[in-house]
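The chain contents come next:
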Amino acid sequence: MKRFILRIALCAAVQLGAQTTGKVAGIVADEAGSPLVGANIMVEGTSLGAAAASDGHFYILNVPPGIYNLRVSMMGYETLLLRSVRVSVNRTTDVEIRLKPTVLESGEVVVVQAEKITIKKDQTSSVRNVSAQEIAMLPVENTSDIVEMQAGVVEGHFRGGRSTEVSYLVDGMEVSEVFGGEGRVLEMQKEAIQDLEVITGTFNAEYGKAMSGVVNVVTKDGGNQFHGALSAQLANYFTSNDDIFIGLKPSDITRQQDYKFQLEGPVWKDRITFFANLRSEDNRYHLNGIRRFRVDDYSDFSNYPGWYVSEATGDSATVPLSDNKRISAMGKLTFKFRSAKLSFFYDYDQNDWQNYSHAWKYNPDGRASNHARTHMLSAQLNHMFTKNMFYELKFYYKKNRYGNYLFEDFADPAYLSNSYLRNNDYTGFYTGGQEKVHTIRTLSDYNGKFDLTWQANKTHSLKAGLLYTQMNINNQEATVMNVGTDSIYVPGIMADTTLYADIYEKKPYEFAAYVQDKMEFDEMVINAGVRFDYYSPETDYPSQRRNPTNAALFDDPSKMSTMMNADPQYQVSPRLGLSYQLGKAAILHFSYGHFFQMPPKYAIYQNNSYLVGREGTTTMGNAQLKAEKTVSYEIGLWQELTDGMSVDVALFYRDIYDLLTVNLLETYYTFKYGLYGNKDYANARGLEVKYDFIVDRFAAMVNYTLQFTRGNADNPSTTFNRLGQNQDPIPLLIPLAWDQRHTLNMTVSYNAPRYSVALTGRYGSGIPYTYAPQEESILSRVNLYPNNNIQPSTISLDLRANYDVNLGKAMKLRFLFNAYNLLDQLNEITVNAETGRAYTAIIRETDIAIHRSDFNEYIDRIHDPSAYEAPRLIKFGIGLVF
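Residues numbered from 1 in each chain as written. Predicted model: local features only at pLDDT ≥ 70, side-chain atom pairs only at ≥ 80, totals over all residues. Heavy atoms only, no water.

Re the overall build of the protein
The following threshold applies: Comment: elements are numbered from the N terminus, with helices defined as DSSP H or I runs of at least four residues and strands as E runs of at least two. The buried label goes to any residue with under 20% of its type's maximum accessible area, the exposed label to any with over 50%, and the partly exposed label to all in between, with areas taken from a 1.4 Å probe on protein chains only. Whether two residues touch is decided by their heavy atoms; if any such pair falls within 4.5 Å, the residues are in contact.
Counting its secondary structure elements, the protein contains 7 helices and 49 strands. By its C-alpha atoms, the protein is 105 × 70 × 55 Å across when sized along the principal axes. Within the protein, the proportion of its 882 residues that are buried is 55%. Put simply, 71% of the contacts in the protein that link residues at least 6 apart link residues at least 24 apart.

Below, the structure is given as structure tokens:
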């Protein structure tokens, strides 16, 4: 008779800022199935444990994510040690253990192995937890790469939503970039991650400020033994396409440099531990320019050949036009008490980077670059004051400073007159001059968060939470201009009362609360809850949008503006999820929910002076914006096929309302401008299939997504831009720019004691683009809507391998190897509107006629290497693990 049955169920509970622990629950019985009252269950290596109740059931709350051994003992029965029990963040590990009676107390322990894939009893939506061990096996550089490998994710879009609809968390604390709405303000290194949770399905009431997905990183605490690692890796591109990617040399093995250091251990054993991680990167990517011109060169190709003015004093050196220098430092100090844990966390992220622009290919020194500095500090208290109740109290502060400029000081005398910025129209490239954009923005926030979990009984787990956030946004966006005389150029910026600057400081705040109940029955689990969100923009707005600054005077007061305080926005959102157990090897789940998210902050505060220009290109923020809304449905089935093999199928549908858009308004004095509003709509539906197979040291994971995404606009500016080009708004739902029909991800790995190897593959059937027929074609007379054709498909393989050489009992030398785009595939990421292919175009005689240059031909405009993904990159290194 089988002595134990282990079942692991996934709880889709995601807290307000996401929980950072899991739960172990189950039943202990004898071989006949009778409950063993008082049986002891201990989580080895911790002080956590429980005793079985009168019905044999037990639960252990507040277990940090990781892999544990459970020791189960009872007088008159064999002691059982259940090994490799995995606990993941926000999940319940449900075990059923049967003990065999014994007459003598021999002291022997029966050791059994937890099954690799088990019944996921309380999975009510699509969620994927990736452990530290799994992350170490993957050929990835950061968490974004891991997220992109999950079912339902296409180029940062979760299940058809816009890329601004995802929330990013570290230890349950939000690190999303809320001003622009995309990405995060800091990047946790994969070596510092204990558990990575990626949710693409619906969320419980505990979670807010997202409509499509959530990524929650739980960091490591450090243990009772000293461990560390350091490594140095170098990388270079090796490609046969050096005619496209100019300037790449096989001998340049230091083109990318990556240095890492990590240390963890005890300060006071069992009481105080620390974890520290440091990474420094210096990456020159695959896109280069040629310094033919310097910024103070003056050329003029507006006349005919023979009358050209051509000044080219550059050294013709190959210069990176896409690079990145990054330093990431993280430290965590954890104090452990009998029933509480106090953690102090600090993270610093410094990032300087430049994105490629083909127009600056021959004048690389004139290009502006990006600069970001992020500090995050937190204090977190986790207190379990009874065996069935605990709370988490968190205070955290973030400060992100972002800049986009050529020189940080807008009055730097190195800024030159705009007279040097010439010839882009005639040659296709800048032959001098500088980018004059100058943005410096600081966004800081103070946060207080409280979450309470109460296991009322074996059936009901109640949770409630509060969150308060106070933000400070200090924004300075301007164009560097001449503030001197016509004859003397003095660089500077204009006042906020002009169209050339947008300078303001705002202090919005937000509040949220939730309550939910997770009901666990024998064959069914129900998650039900409700959430309340409140946002106050703390700004004003003009009452008459057709006369926002009272530039026109009227006797009629209804045509004049007064400044009004913006109304706070609030939402109530219900959530429901359930799962039903079908026999011993299948789970059916269903979930439904309303999800709200305020638009990015720029759409609320942009153009703070409410100015309207003559050109009809001005856009204005709207302090009265409502939250965007998604109504989501999901149904899925998980089936265990054999030991170690399972398949998970999910169907989803999403309606997305009140999406951010830019509406066209006309003033009383006939000037047109754009005002942000809530009008766009989209929907998404799809099928996801996940297949997992794990046996001994071999693992294979495959996921496939079939997806249909429709909407009336790719981004908020789509409709406004069409109106500016005298085109009508799109009257029907079109494929959105990320509507990739088929997406396939695959990972195969083998992990031996001294070496490991993993291969990851990705296939995409192609995303839409807007086909524009030739003017000579009769199709050019037809009003074709955007995204009417499909780009070529993409495929990529990545490889990771390492080999260890033992240097002693606790130290080893590690050789590292990574290959990205192993096959050196030319994957097209942007294509020509007429040909549908990258790096090509239909060139007419008129195109050649308007091209005037003494250093290049018209085809040079078309040969943009950024239309392709990066070529093959080989990264190798050596490390020391101790």
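Here's the deal with the sheet that holds strand 13 (residues 166-170)
Applied cut-off: Should DSSP find at least two bridges between two strands, the strands are regarded as paired.
With mixed pairing, 5 strands are arranged side by side in an open sheet as 10-15-16-13-14. Sheet topology places strand 10 (127-131) and strand 14 (173-174) at the edges, where each strand pairs with a single neighbour. Pairing between strand 13 and strand 16 (residues 213-219): 5 bridges, direction parallel. Bridge assignment links Leu-169 to a residue of strand 16, and that residue is Asn-216.

Some thoughts on the packing of aromatic side chains
Which entries qualify depends on this criterion: By convention, a stacked pair of Phe, Tyr or Trp rings (six-membered ring in the case of Trp) has centres within 6.5 Å and planes under 30 degrees apart, an edge-to-face pair has planes over 60 apart, and any other such pair is tilted.
Following the criterion strictly, the structure yields 28 aromatic pairs and no others. Pairing Trp-360 with Tyr-430 gives two aromatic rings, centres 4.4 Å apart and planes at 35 degrees, and the pair type is tilted. One end of the pair, Trp-360, is in the loop between strand 23 (340-354) and strand 24 (369-386); the other, Tyr-430, is in the loop between helix 3 (424-427) and strand 26 (437-455), and 70 residues separate them in sequence. Given a relative accessible area of 4%, Trp-360 falls into the buried group. Consider the rings of Tyr-391 and Phe-450, whose centres lie 5.7 Å apart with planes at 35 degrees: the pair is tilted. Of this pair, Tyr-391 sits in strand 25 (residues 389-405) while Phe-450 sits in strand 26, placing them 59 residues apart in sequence.

Some remarks on the pairing of strand 48 (residues 812-820)
Note that strand 47 (residues 794-806) and strand 48 share 8 bridges and pair antiparallel. When the sheet's bridge partners are listed, Leu-799 is paired in strand 48 with Ala-819. Two successive antiparallel strands, strand 47 and strand 48, enclose a turn made up of 5 residues. Judged from the 9 bridges that link them, strand 48 and strand 49 (residues 873-881) form a sheet pairing that is antiparallel. Within strand 49, the residue paired with Tyr-820 across the bridge is Leu-873.

Here's the deal with the nonpolar core
Convention followed: We call a set of buried residues a nonpolar core when its members are Ala, Val, Leu, Ile, Met, Phe, Trp, Tyr or Cys and they connect through side-chain atoms within 4.5 Å of each other.
By size, the foremost hydrophobic cluster in this structure holds 29 residues, and its most contacted members are Met-188 and Leu-196. Elements represented by at least two residues in this core include exactly helix 2 (143-148), strand 13, strand 15 (193-199) and strand 16. Aside from chain neighbours lying at most four places away, what touches Leu-196 is Arg-128, Asn-129, Val-130, Ile-135, Ile-146, Val-215, Asn-216 and Val-217. Judged by nonpolar contacts, the second largest core, of 23 residues, contains Val-28, Ala-39, Tyr-68 and Val-87.

Observations concerning the environment of Leu-234
Looking at where Leu-234 falls in the secondary structure, it is placed in strand 17 (residues 227-237). Filtering out sequence-adjacent residues up to four positions away, Leu-234 remains in contact with Ile-253, Thr-254, Gln-256, Gln-257, Tyr-259, Ile-874, Lys-875 and Phe-876.

Comments concerning unusual backbone geometry
Within the chain, Ser-316 stands out as a residue other than glycine whose phi angle is a positive 60 degrees. On the secondary structure map, Ser-316 appears in the loop between strand 20 (288-290) and strand 21 (318-320). Relative accessible area serves as the criterion here: at 49%, Ser-316 is assigned to the partly exposed category. Even without a glycine there, the phi angle at Asn-787 is positive, about 60 degrees. Examined against the element boundaries, Asn-787 turns out to sit in the loop between strand 45 (768-769) and strand 46 (789-790).

Some remarks on the confidence of the model for the protein
Defined as follows: Confidence per residue, as judged by the predictor, is encoded in pLDDT with a range of 0 to 100.
Averaged over all residues, the pLDDT of the protein is 91; the fraction at 70 or higher stands at 96%. The low-confidence segment residues 1-17 (pLDDT under 50) makes 100 contacts with residues lying over four places distant or belonging to another chain.

Examining the pattern of salt bridges
How we decide: A pairing counts as a salt bridge when a side-chain nitrogen of Lys or Arg comes within 4 Å of a carboxyl oxygen of Asp or Glu.
In total, this model carries 47 salt bridges according to the counting rule given. Between Glu-520 and Lys-23 there is a salt bridge, with the nearest N and O atoms lying 3.0 Å from each other. With Glu-520 in strand 31 (residues 509-520) and Lys-23 in strand 2 (residues 22-30), this residue pair connects regions lying 497 residues apart in the sequence. Pair check on accessibility: Glu-520 and Lys-23 agree, each one buried. In this structure, the salt-bridge partner of Lys-398 is Asp-445, at a minimum N-O distance of 3.0 Å. Taken as a pair, Lys-398 in strand 25 and Asp-445 in strand 26 lie far apart in primary sequence, 47 residues in all. Here the salt bridges do not stand alone but share partners, grouping Glu-141, Asp-258, Arg-279, Glu-281 and Lys-875 into one network.

Describing the side chain of Lys-332
For clarity, the threshold we go by: Whenever a nitrogen or oxygen atom comes within 3.5 Å of another N or O atom, the pair is scored as a polar contact, on the condition that within protein one atom can donate a hydrogen and the other can accept it, and that pairs from neighbouring residues in sequence are kept only if both atoms are in side chains.
As for its placement among the helices and strands, Lys-332 is situated in strand 22 (residues 323-336). A polar contact of 3.5 Å, which involves the side chain of Lys-332, links it to the side chain of Asp-171. Leave out the neighbours within four places in its chain, and Lys-332 touches Asp-171, Thr-219, Lys-220, Asp-221, Thr-273, Phe-274, Phe-275, Ser-343, Phe-344 and Phe-345.

Notes on the environment of Phe-345
Relative to the helices and strands, Phe-345 is located in strand 23. C-alpha separation for the pair Phe-345 and Gly-49, spaced 296 residues apart in sequence, amounts to 27 Å. Ignoring sequence-local partners within four residues, the contact set of Phe-345 consists of Val-170, Asp-171, Met-188, Thr-219, Met-330, Gly-331, Lys-332, Met-376, Leu-377, Ser-378 and Gln-380.

Quick look at the pairing of strand 15
Among the 7 residues of strand 15, 6 are classified as buried, and the element is accordingly described as predominantly covered. Sheet topology places strand 10 next to strand 15; 5 bridges connect them, and they run antiparallel. Across the sheet, Arg-128 pairs through a bridge with Val-198, a residue of strand 15. Direction of pairing for strand 15 relative to strand 16: antiparallel, over a ladder of 6 bridges. Opposite Leu-196, over in strand 16, you have Val-217 as the bridge partner.

A closer look at a nonpolar patch on the surface
The following threshold applies: Patch membership requires over 30% relative accessible area and the absence of a salt bridge. Like charges are linked within 9 Å, and nonpolar side chains (Val, Leu, Ile, Met, Phe, Trp, Tyr) within 5 Å. Accessible surface area values rest on a Shrake-Rupley calculation with a 1.4 Å probe, where residue burial reflects the displayed protein chains alone.
Taken together, Tyr-580, Leu-582, Leu-588, Phe-590, Tyr-633, Ile-635, Leu-637 and Leu-651 make up a surface patch of nonpolar side chains, about 640 Å² in accessible area. At the level of elements, strand 36 (586-597) and strand 38 (628-642) are the ones that each hand at least two residues to the nonpolar patch. Of all the elements, strand 38 adds the most residues to the nonpolar patch, at 3 residues. Along the polypeptide, Tyr-580 turns up in strand 35 (residues 569-581).

Remarks on the side chain of Ser-125
Residue position: Ser-125 is located in the loop between strand 9 (109-113) and strand 10. When its relative accessible area of 1% is taken as the criterion, Ser-125 is described as buried. Of note is the side chain of Ser-125, whose polar atom sits 3.1 Å from the backbone oxygen of Thr-202.

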